[in-house]
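Notes for the structure review
What follows is each chain in one-letter form.
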Amino acid sequence: MESSTFVLFGATGDLAKRKIYPALYNLFLDGKISTPLSVIGLGRRELSNEAFQAQVLNSLQTFSRKPAEDSEKLRTFIQAFEYTVLDVGRPEDYVKLLGHVKAREEDLGIPENRMFYLSVGPEFFGEIAANINSSGLGSTKGWKRLVIEKPFGTDLASARVLNESLSAAFKEEEIFRIDHFLGKPMVQNLEVLKYSNPVLRALWKNRYIANVQITASETVGVEERAGYYDKSGALRDMFQNHMLQLLMMTAMQLPKGSTPEDVSNKKRYVMESLRPLIKDDLTRDVVLGQYAAGEIKGNPVPGYLDEPGIDSSSRNETYIAARLWIEDPMWNEVPIYIRTGKRMKEKSTRIVIEFKEPLNDYNNLNKGNTDPNLLIIDISPNEAITLQLNTKDPLRTGKLEPVRINYQLGNPEIPESYENLIYDALRGDSTFFAHWDEVELSWQWVQPIQEAMEAGVLPLHSYAAGSHGPAAAAELLGDDHWWLDENEEPEAQEIQSVPAGVL
Ligand SMILES: NC(=O)C1=CN([C@@H]2O[C@H](COP(=O)(O)OP(=O)(O)OC[C@H]3O[C@@H](n4cnc5c(N)ncnc54)[C@H](OP(=O)(O)O)[C@@H]3O)[C@@H](O)[C@H]2O)C=CC1
Ligand SMILES: O=C1O[C@H](COP(=O)(O)O)[C@@H](O)[C@H](O)[C@H]1O
């Protein structure tokens, strides 16, 4: 991999401190970044290089997975960072930035490879891309790449406008749209799991799969992000991007040796095959919820409407569950259940594949009550693969009983999501990024939900903080039920204690 200049817009912001600097540092320590390294941080506030470097050091000491103790390596890393004042709306600042980038390229003997990482508000994305183009920053003899954070638009129309403005300055293959769920090691493991195991490969089809459940539950509430979250809600914040990306990764079929373009095509195919939502059936397929006061791990927490910065009459959803169908010979008749919510009982991102019931019980031991086989893929915070099988009870009750075979990753050496993604972007590998077609089709699919929410025709169910979500989300599954962690209370018991009213 050739050296490049990492130009970071929003270098004084929260994401840069918590994720980007630690990721760069860990990549540097792992020898995954070409040296000499050059990072130019940008922001409106005045900072000397030394003050900026002190901020970077502080971020590493607070957030890095590897220790940032005084060492020659740490000093070399920190000295790679320089700072320039830039206001995104001032074209002259980009010209000054070009001078800075070129001077460093010459000083360090780095080829004109430039990665522009936009860790700023999405309202600036289009303007920055245009200014990179017009200032000459984008006219390089090497490669240029644009890395952008979420959110990518707030609906189909705004996403299309944003994409057009980016496309005027960068080609699609130069745009790397971060979806940090795609950087999670277990998500990156999905393809290998499906295709390197003949057992799973043979079963990964509707003949054997009863349903698929994709859950991202969080115990945190709105935190300090009321301004953003009260406009975004669970649909825009999690469902349209992370949850649908997990669905694509689960359902796509990828031949060995696929290129990033093949991946993008396969993911697009999944989205194109999703049965569109019908306005009149929405209440049957989608459940929205908002948390009421409750308890998280024994501590009382306020309801959403009492959170600081939230309008007391807000109808914003903090929970969404949906039933989806992929109209494709491999997935026909397999319901896919997706749910995500804040202030739930546990923090867990997980995919559960429920296999079809055996046609007949072995020797009729359980008389139709045999548990199904499950494949449970824990993505975070736990990273694990669990297979639930049936065995004969060794205590000779004569019954079959389910047992779980479990493999936990849990190795501190495993790179964090941003490390994986920044490494891939530096290598020019867009496999684990959101491509435009996927983003567009995702917005298209959720559009009927957005319209129904705007028209106020979708009920908003209340659920107690610390529960598994609204009771209506259990009904969405009909005869199926959500699978929980082995140690948790069964869903049915929890659901009974949840206020089932409609707000
Ligand atoms: N924080 C997080 O955990 C996550 C953030 N994101 C996304 O990442 C992006 C950045 O988020 P975050 O770091 O939290 O935001 P912050 O508000 O913490 O930081 C914003 C950054 O943008 C800079 N900035 C703001 N206005 C301008 C301007 N006019 N010209 C130049 N620089 C400007 C600020 O620097 P200064 O004030 O010096 O100008 C600051 O460095 C957003 O798109 C967000 O949605 C995505 C996932 C998670
Ligand atoms: O993008 C987001 O993701 C986080 C959850 O991510 P995780 O890696 O902690 O599982 C979510 O809290 C946040 O609201 C959302 O913007």
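It should be emphasised that the depicted structure is a prediction, and the values quoted were computed from it without experimental measurement. (Residues numbered from 1 in each chain as written. Chains lettered and ligands numbered in written order. Predicted model: local features only at pLDDT ≥ 70, side-chain atom pairs only at ≥ 80, totals over all residues. Heavy atoms only, no water.)

Our focus in this paragraph is the UniProt feature "binding site: substrate" (unreviewed entry) in the protein. Feature annotation in UniProt places "binding site: substrate" (unreviewed entry) on His180, Lys184, Glu218, Asp237, Lys342 and Lys347, given in this structure's numbering. Relative to the elements of secondary structure, Lys184 occurs in the loop between strand S6 (175-177) and helix H7 (185-188). Every residue in contact with Lys184, bar those within four places of it in the chain, is listed here: Ile379, Ser380 and Ser417. In terms of polar contacts, Lys342 uses its side chain to reach the side chain of Glu218, at 3.0 Å. (UniProt positions renumbered as here; feature names shortened; annotations may be inferred. Helix = DSSP H or I, 4+ residues; strand = E, 2+ residues; numbered from the N terminus. Contact = heavy atoms within 4.5 Å. Polar contact = N/O pair within 3.5 Å; in protein donor to acceptor, adjacent residues only side chain to side chain.)

So, on to the site of ligand 2. Neighbouring residues of ligand 2: Lys150, His180, Phe181, Lys184, Glu218, Arg225, Asp237, Met238, His242, Lys342 and Lys347. Within the side chain of Asp237, one N or O atom sits 2.6 Å away from an oxygen atom of ligand 2. The contact in question runs from an oxygen atom of ligand 2 to an N or O atom on the side chain of His242, over 2.8 Å. Here ligand 2 has 400 Å² of accessible area as a free molecule, and 80% of this is covered by the chains. The class makeup of the residues in the shell around ligand 2 is 2 nonpolar, 2 polar and 7 charged. (Near = heavy atom within 4 Å. Areas by Shrake-Rupley, 256 points an atom, 1.4 Å probe, with all protein chains shown as cover. Nonpolar A, V, L, I, M, F, W, Y, C, P; charged D, E, K, R; others polar.)

With that settled, consider the domain arrangement of the protein. Here the domain parsing of the protein yields domain 1 (5-149) and domain 2 (182-422 + 434-476). Using only C-alpha atoms to locate each centre, domain 1 and domain 2 end up separated by 35 Å. Counting residues at the interface gives 15 residues for domain 1 and 8 residues for domain 2. Carbon and sulfur atoms make up 56% of the surface buried where domain 1 meets domain 2, a total of about 890 Å² over both sides. It is Lys19, Leu27 and Arg65 in domain 1 that bury the most area against domain 2; as a group they hold 49% of the surface buried on that side. Remark: the boundary between domain 1 and domain 2 carries 3 salt bridges. Between Glu416 and Lys19 there is a salt bridge whose closest N-O contact spans 3.2 Å. Linking domain 1 to domain 2 there are 6 residue pairs in polar contact (both at pLDDT 80 or more). At the level of secondary structure, the elements contributing two or more residues to the side of domain 1 that touches domain 2 comprise helix H1 (14-29) and strand S4 (114-118). For the side of domain 1 that touches domain 2, the element with the most residues is H1, which contributes 7 residues. Residue composition of the side of domain 1 that touches domain 2, grouped by class: 8 nonpolar, 1 polar and 6 charged. (Domains from an automatic or database assignment. Buried area = accessible area lost by both parts, 1.4 Å probe. Salt bridge = Lys/Arg side-chain N within 4 Å of Asp/Glu carboxyl O.)

The next subject is the environment of Ser380. Looking at where Ser380 falls in the secondary structure, it is placed in strand S14 (residues 374-380). In this structure, the C-alpha to C-alpha distance between Ser380 and Lys184, residues 196 residues apart in sequence, is 8.0 Å. Those residues in contact with Ser380, other than ones at most four positions away along the chain, are Lys184, Lys347, Ser348 and Thr349. In terms of polar contacts, Ser380 uses its side chain to reach the side chain of Lys184, at 3.4 Å.

Another point: the nonpolar core. Within the largest apolar cluster, 145 residues are counted, with the highest numbers of intra-cluster contacts made by Phe9, Phe77, Tyr117, Phe239, Leu324 and Ile422. The element that contributes the greatest number of residues to this core is helix H10 (residues 226-251), accounting for 13 residues. Counting the residues that make up this core, at least three belong to each of domain 1 (5-149) and domain 2 (182-422 + 434-476). Those residues in contact with Leu324, other than ones at most four positions away along the chain, are Phe239, Leu244, Leu247, Leu274, Val334, Pro335, Ile336, Ile338 and Trp445. (Core = buried A, V, L, I, M, F, W, Y, C linked by side-chain atoms within 4.5 Å. Buried < 20%, exposed > 50% of the residue type's maximum accessible area, 1.4 Å probe, protein only.)

Attention shifts here to the packing of aromatic side chains. This structure, assessed with the given rule, holds 18 aromatic pairs. A centroid spacing of 6.2 Å and a plane angle of 75° characterise the contact between Tyr21 and Phe52, whose relative ring orientation is edge-to-face. Of this pair, Tyr21 sits in helix H1 while Phe52 is found in helix H2 (residues 49-63), placing the two residues 31 residues apart along the sequence. With a relative accessible area of 0%, Phe52 lands in the buried category. Between the aromatic rings of Phe239 and Trp445, the centroid separation amounts to 6.3 Å while the plane-to-plane angle is 20°, which identifies the pairing as stacked. Of the two residues, Phe239 is situated in helix H10 and Trp445 in helix H14 (residues 436-454); the sequence distance between them amounts to 206 residues. Pair check on accessibility: Phe239 and Trp445 agree, each one buried. The structure contains a cluster of three or more aromatic residues connected by ring pairs, namely Tyr21, Tyr25, Phe28, Phe52, Phe77, Phe81 and Tyr83. (Phe/Tyr/Trp six-rings, centres within 6.5 Å; stacked < 30°, edge-to-face > 60°.)

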